[in-house]
Amino acid sequence: MNYELPKSVEINGETFEIRYDYRVILYLFEIMNDPEIDDQERALSVLSNFYVNFDSLTDYEKAIQECFWFINGGKREESVKKKEKLVSWEQDFQYIVAPVNRVLGYEIRSKEYDVETNTGGVHWWTFLSAYMEIGDCLFAQIVGIRSKKAKGKKLDKSEQEFYRKNREIVDIKVQYTQEEEVLLKMWTEK
């Protein structure tokens, strides 16, 4: 059991300082979801933004594993099952931040974080714990409808009405590459 908020990880017996603030992790999600970059570029970008001393890394595979261990709140995933995407951190942040603030009792965006000195901010695990406790709110309603739709379950009347009025915040927007955007534009403008 880990009772601390880690600010470093161990790789092959060596300690590496990590950038722990929630904003860094949300930025890593943006990198991971960027359709414009290939897998190798994506991995290097994630590692260089997560590890303070990226240039000292020698075992990239283990470094990625430790990065995901941290992102997962200290849990190792034995099997990775493809799950329906119910949250888009980029799209949903504006609906997540208010209930997280309510749980923590302060405005998380006001906690300054210095990426260069790796100081201040709100630790990702603190953010994650608050996120797990947000309870009934607009975001929970959005995710509930997404979940029902993903499982093919029928929405009740109030959910149907909410979805009709708020489709743009419920539906997760698909990110396309520039080439795909051009192709879609050609198809839809005919």
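As the structure is a computational prediction, the values presented were derived from the model and not from experiment.

S.K.: Can you break down the overall build of the protein chain residue by residue, with the values?
M.R.: Broken down by element type, the protein chain carries nine helices and four strands. Each helix (α) and strand (β) of the protein chain, taken in turn from the N terminus, gives the series β-β-α-α-α-α-β-β-α-α-α-α-α. Looking at the 190 residues of the protein chain, the share that counts as buried comes to 36%. Considering only intrachain contacts with a sequence separation of at least 6, the fraction spanning at least 24 residues in the protein chain is 63%. Total accessible area on the protein chain is roughly 12500 Å²; 50% of this is exposed by carbon and sulfur atoms.

S.K.: Pulling in residues and values, what's your account of unusual backbone geometry?
M.R.: Excluding glycine, a negative phi dihedral is what most residues carry, and trans is how most peptide bonds are arranged. The phi dihedral of Asn12 falls on the positive side, at around 50°, and the residue is not glycine. Counting through the fold element by element, Asn12 comes out in the loop between strand E1 (8-11) and strand E2 (14-17). In this structure, Asn118 takes a positive phi of about 60° despite not being glycine. Inspection of the secondary structure puts Asn118 in the loop between strand E3 (113-114) and strand E4 (119-120). Taking the relative accessible area as the measure of exposure, Asn118 reaches 6% and is therefore buried.

S.K.: Break down the confidence of the model for the protein chain for me, citing the residues and quoting the values.
M.R.: Of all residues in the protein chain, 89% attain a pLDDT of 70 or more, and the chain-wide mean is 91. For the protein chain, per-element mean pLDDT is lowest for helix H9 (residues 178-188), which scores 64, and highest for helix H5 (residues 124-132), which scores 97.

S.K.: Can you break down helix H7 (residues 157-165) residue by residue, with the values?
M.R.: Each α-helix turn comprises 3.6 residues. Residues three or four places apart therefore point the same way. Along H7, the positions that sit buried rather than exposed are Glu159, Phe162 and Tyr163. Along H7, the residues classed as buried sweep out an arc of 100° about the axis, all on the same side. Residues of H7 that are exposed and point over 90 degrees away from its buried face: Lys157, Arg164 and Lys165. Where H7 is buried, its residues meet helix H6 (138-150) and helix H8 (167-170).

Procedures and definitions
- Residues numbered from 1 in each chain as written.
- Predicted model: local features only at pLDDT ≥ 70, side-chain atom pairs only at ≥ 80, totals over all residues.
- Heavy atoms only, no water.
- Helix = DSSP H or I, 4+ residues; strand = E, 2+ residues; numbered from the N terminus.
- Buried < 20%, exposed > 50% of the residue type's maximum accessible area, 1.4 Å probe, protein only.
- Contact = heavy atoms within 4.5 Å.
- Areas by Shrake-Rupley, 256 points an atom, 1.4 Å probe, with all protein chains shown as cover.
- pLDDT = per-residue confidence, 0-100.
- Arc of directions from axis to C-beta.

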